[in-house]
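Observations on the model geometry
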Number of protein chains: 2
Amino acid sequence: MESNVIYVVGIGPGAEEMMTVQAQTVLDHVDTIVGYQVYLDLLGARYQYKELISTPMKQETRRCEICFEEAEKGKSVAMICSGDAGVYGMACLMLEIGKSYPQIEIEVIPGITAATSGAAVLGAPLNHDFCVISLSDLLTPWELIERRIRAAGEGDFAIALYNPSSKKRSDYLRRACDILLESRKPDNACGYVENIGREGTKAYTCTLQELRNQQVNMFTTVFIGNSQTQMIENQLVTPRGYKTDEV
Amino acid sequence: MESNVIYVVGIGPGAEEMMTVQAQTVLDHVDTIVGYQVYLDLLGARYQYKELISTPMKQETRRCEICFEEAEKGKSVAMICSGDAGVYGMACLMLEIGKSYPQIEIEVIPGITAATSGAAVLGAPLNHDFCVISLSDLLTPWELIERRIRAAGEGDFAIALYNPSSKKRSDYLRRACDILLESRKPDNACGYVENIGREGTKAYTCTLQELRNQQVNMFTTVFIGNSQTQMIENQLVTPRGYKTDEV
């Protein structure tokens with residue numbers, strides 16, 4: 001691995017087997033791995049002898065700067081993100097901060113994001129056009145989140161909701177469902193998956209009306225089918241289109 | 001691998017290193033791999049000694065049935081899809097046809113879809129809420145595609161467009177841009193990537209107004225930033241939010 005390149009690596013949902021071969025190769029070869037402690041802990045034993053550096057939550061900018069400081073010392077560095085590095089991940093912040101370090105190149109290594117790893121557990125809820133929306137309003141005004149939920153509802157998109165709940169935001173999923181019920185039927189097929197790719201993976205299916213009353217935790221990804229989505233034996237199946245036997 | 005399970009495997013964009021370890025393990029162990037010939041050809045030499053079965057384009061239903069017939073003979077079977085098995089892939093059709101084969105289980109193995117593998121090439125265009133829309137009207141009425149593009153534009157989503165062009169549909173990208181220009185500025189940051197994860201990967205950035213006049217081919221994925229997306233040294237960077245230094 002080159003020392004003038006920082007790799008921003010999506011490690012997937014958690015289980016090492018859900019990393020790409022490319023991500024594994026990068027982590028095998030770098031000197032230093034930087035990341036949020038929870039993600040460093042997800043890495044298997046084979047990486048624990050490396051130099052591992054973490055910063056607490058809310059110190060993402062500092063975490064990025066550490067990568068550049070280590071790279072400037074001549075070390076090869078990987079910054080890890082859960083899921084995909086460019087889906088609510090650190091790729092954007094690294095590229096922004098990278099403007100101050102023009103001699104260092106940044107390479108983004110994609111990973112499996114919860115939309116597709118969670119979809120695989122539930123069957124095929126995103127098998128046609130879909131939206132990914134985070135319900136976290138830490139960095140985004142709630143009005144914009146509402147506007148996007150409304151647009152996704154009206155466009156009849158299948159939807160994956162990230163960060164559907166936290167202690168401070170226990171009613172956000174209910175609010176999202178209420179907005180979707182403006183344009184969708186109460187029996188619109190839905191589902192959610194807890195702990196994707198980690199110990200204790202659990203999947204549930206329900207209607208949109210029922211989803212409104214579910215208590216989900218922060219390790220959950222929620223799926224809302226489009227108007228064509230069927231529930232087949234507790235799985236969600238969104239057809240690829242409106243005719244059959246064609247591409 | 002169990003013979004009463006069919007694995008529907010997303011192999012990622014093409015390069016073997018962009019497969020997950022899990023996908024590789026499944027393909028290493030099954031007896032029979034079924035898929036569209038182009039995808040079978042993408043598989044490395046290590047799989048070419050296996051029983052490989054393909055059907056032509058537009059015979060997807062037959063391709064699925066073959067999987068079940070082979071599984072009924074006692075073989076372990078994988079159906080491969082490019083990208084992710086559940087994003088415009090075969091997972092839905094396999095689950096639908098699987099209703100007639102209740103003794104056979106279907107397991108979906110996710111892969112890296114072009115939205116995230118292409119985004120990684122361009123920097124971080126999808127680093128906030130985003131939509132994935134296919135411009136192919138083979139299975140979807142164009143009116144619905146238009147409605148979704150309009151909704152994605154109005155919701156200020158970052159957007160990944162799949163199947164942006166073909167011989168019969170050479171003006172579809174222009175039509176999509178014109179719909180987006182109803183709600184977005186002409187200088188909205190955009191980009192596109194050809195041959196993601198394959199030989200000859202090429203990335204381009206441009207404005208929405210310029211994208212309108214680009215000739216793209218069927219091996220291209222198009223990215224449209226949201227109103228906050230910046231172009232930093234020919235890369236697209238969509239910020240994670242509207243404040244800094246928080247999660």
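This structure is a prediction, so every number in the text was calculated from the model and none was measured.

1. Quick look at the sheet that holds strand E1 (residues 5-10) of chain B
The strands making up a sheet associate through hydrogen bonds between their backbones, and the pairing can be parallel or antiparallel. All names here are of chain B. The five strands lie next to each other as E3-E2-E4-E1-E5, forming an open sheet whose pairing is parallel. Of all the strands in the sheet, just strand E3 (51-53) and strand E5 (105-109) have a single pairing partner and so form its edges. The average angle at which neighbouring strand axes cross in this sheet is 20 degrees, direction not considered. Here E1 pairs with strand E4 (residues 77-81) via five bridges, running parallel. For Val9, the partnering residue across the bridge sits in E4 and is Ile80. The sheet strands contacting helix H1 (residues 21-29) are E1, strand E2 (32-34), E4 and E5, and the helix crosses E1 at an angle near 135 degrees.

2. Considering the interface of chain B and chain A
The figure often quoted for interface size is the accessible area lost as the parts come together. Counting residues at the interface gives 72 residues for chain B and 72 residues for chain A. Across the chain B to chain A interface the summed buried area is about 6,600 Å²; carbon plus sulfur atoms make up 58%. Between chain B and chain A we count four salt bridges in total. Where Asp156(B) meets Arg148(A), a salt bridge forms, and the shortest distance between an N and an O atom there is 3.9 Å. For the side of chain B that touches chain A, the element with the highest residue contribution is helix H6 (residues 142-154) of chain B, accounting for six residues. Across three bridges, strand E7 (residues 130-134) of chain A lies against strand E7 (residues 130-134) of chain B in antiparallel orientation. Each bridged residue has a counterpart across the sheet, and for Cys131(A) the counterpart in E7(B) is Cys131(B).

3. Section: the nonpolar core
Counting residues in each nonpolar core, the largest one holds 50 residues, and the members touching the most others are Leu211(A) and Leu211(B). If sequence neighbours within four positions are ignored, Leu211(B) has contacts with Leu173(B), Cys177(B), Cys190(B), Tyr192(B), Cys206(B), Val222(B) and Ile224(B). Among the nonpolar cores identified, the runner-up in size contains 33 residues, and Val87(A), Ala160(A), Val87(B) and Leu126(B) belong to it.

4. Topic: the environment of Ala203(B)
All names here are of chain B. Inspection of the secondary structure puts Ala203 in strand E10 (residues 202-207). The partly exposed category is assigned to Ala203, whose relative accessible area is 39%. In the structure, Ala203 is positioned 82 residues away from Val121 in sequence and 7.0 Å away in space, judged by C-alpha atoms. Residues contacting Ala203, with those up to four places away along its chain left out, are Val121, Leu122, Tyr192 and Val193.

5. A word on helix H7 (residues 172-180) of chain A
A turn of α-helix holds 3.6 residues, and therefore any two residues three or four places apart point the same way. Residues and elements named next belong to chain A. Listed in full, the buried residues belonging to H7 are Tyr172, Leu173, Ala176, Cys177, Ile179 and Leu180. Along the long axis of H7, the arc covered by the buried residues comes to 160 degrees, so they all point the same way. Residues of H7 that are buried make contact with helix H6 (142-154), strand E8 (158-162), helix H8 (208-211) and strand E11 (220-224).

6. Structural notes on the relation of the copies chain B and chain A
Each copy superposes on the other: chain B lies on chain A with an RMSD of 0.0 Å after a rotation of 180 degrees and an axial shift of 0.0 Å. Both chain copies can therefore be described as sitting about a two-fold axis. Mapped onto chain A, 100% of the interface residues of chain B are again interface residues, and the two copies thus contact each other with one and the same surface.

7. Concerning the sheet that holds strand E13 (residues 235-237) of chain B
Residues and elements named next belong to chain B. Taken in spatial order, the three strands make up an open sheet running E6-E13-E12, and their pairing is mixed. Across the chains shown, the open sheet's two edge strands, defined by having one partner strand only, are strand E6 (123-124) and strand E12 (230-232). One ladder, built from two bridges, connects E6 with E13; its direction is parallel. Within the sheet, the bridge partner assigned to Gly123 lies in E13 and is Leu236.

8. Some thoughts on the environment of Gly10(A)
All names here are of chain A. Position of Gly10 among the secondary structure elements: in strand E1 (residues 5-10). Through-space distance from the C-alpha of Gly10 to that of Ala85 is 4.4 Å; in sequence the pair is 75 residues apart. Setting aside residues up to four positions removed in sequence, Gly10 forms contacts with Ala23, Cys81, Gly83, Asp84, Ala85, Ile109, Pro110 and Gly111.

9. What about the pattern of salt bridges?
For the coordinates displayed, the defined rule picks out 28 salt bridges over all chains. A salt bridge links Arg46(B) to Asp28(B), with the nearest nitrogen and oxygen atoms 2.6 Å apart. A residue pair is termed long-range when its members are at least 10 positions apart, and Arg46(B) in the loop between helix H2 (37-42) and E3 and Asp28(B) in helix H1 qualify at 18 residues. Taking the relative accessible area as the measure of exposure, Asp28(B) reaches 28% and is therefore partly exposed. The network of salt bridges with shared partners includes Glu51(A), Glu70(A), Lys73(A) and Lys75(A).

Conventions and cut-offs
- Residues numbered from 1 in each chain as written.
- Chains lettered and ligands numbered in written order.
- Predicted model: local features only at pLDDT ≥ 70, side-chain atom pairs only at ≥ 80, totals over all residues.
- Heavy atoms only, no water.
- Pairing = 2+ DSSP bridges.
- Helix = DSSP H or I, 4+ residues; strand = E, 2+ residues; numbered from the N terminus.
- Axes fitted to C-alpha atoms, helices over the stretch in contact; angles between N-to-C directions.
- Contact = heavy atoms within 4.5 Å.
- Buried area = accessible area lost by both parts, 1.4 Å probe.
- Salt bridge = Lys/Arg side-chain N within 4 Å of Asp/Glu carboxyl O.
- Core = buried A, V, L, I, M, F, W, Y, C linked by side-chain atoms within 4.5 Å.
- Buried < 20%, exposed > 50% of the residue type's maximum accessible area, 1.4 Å probe, protein only.
- Arc of directions from axis to C-beta.
- Least-squares fit on C-alpha atoms with pLDDT ≥ 70 in both.

Function cannot be inferred from these measures alone, as they are strictly geometric.
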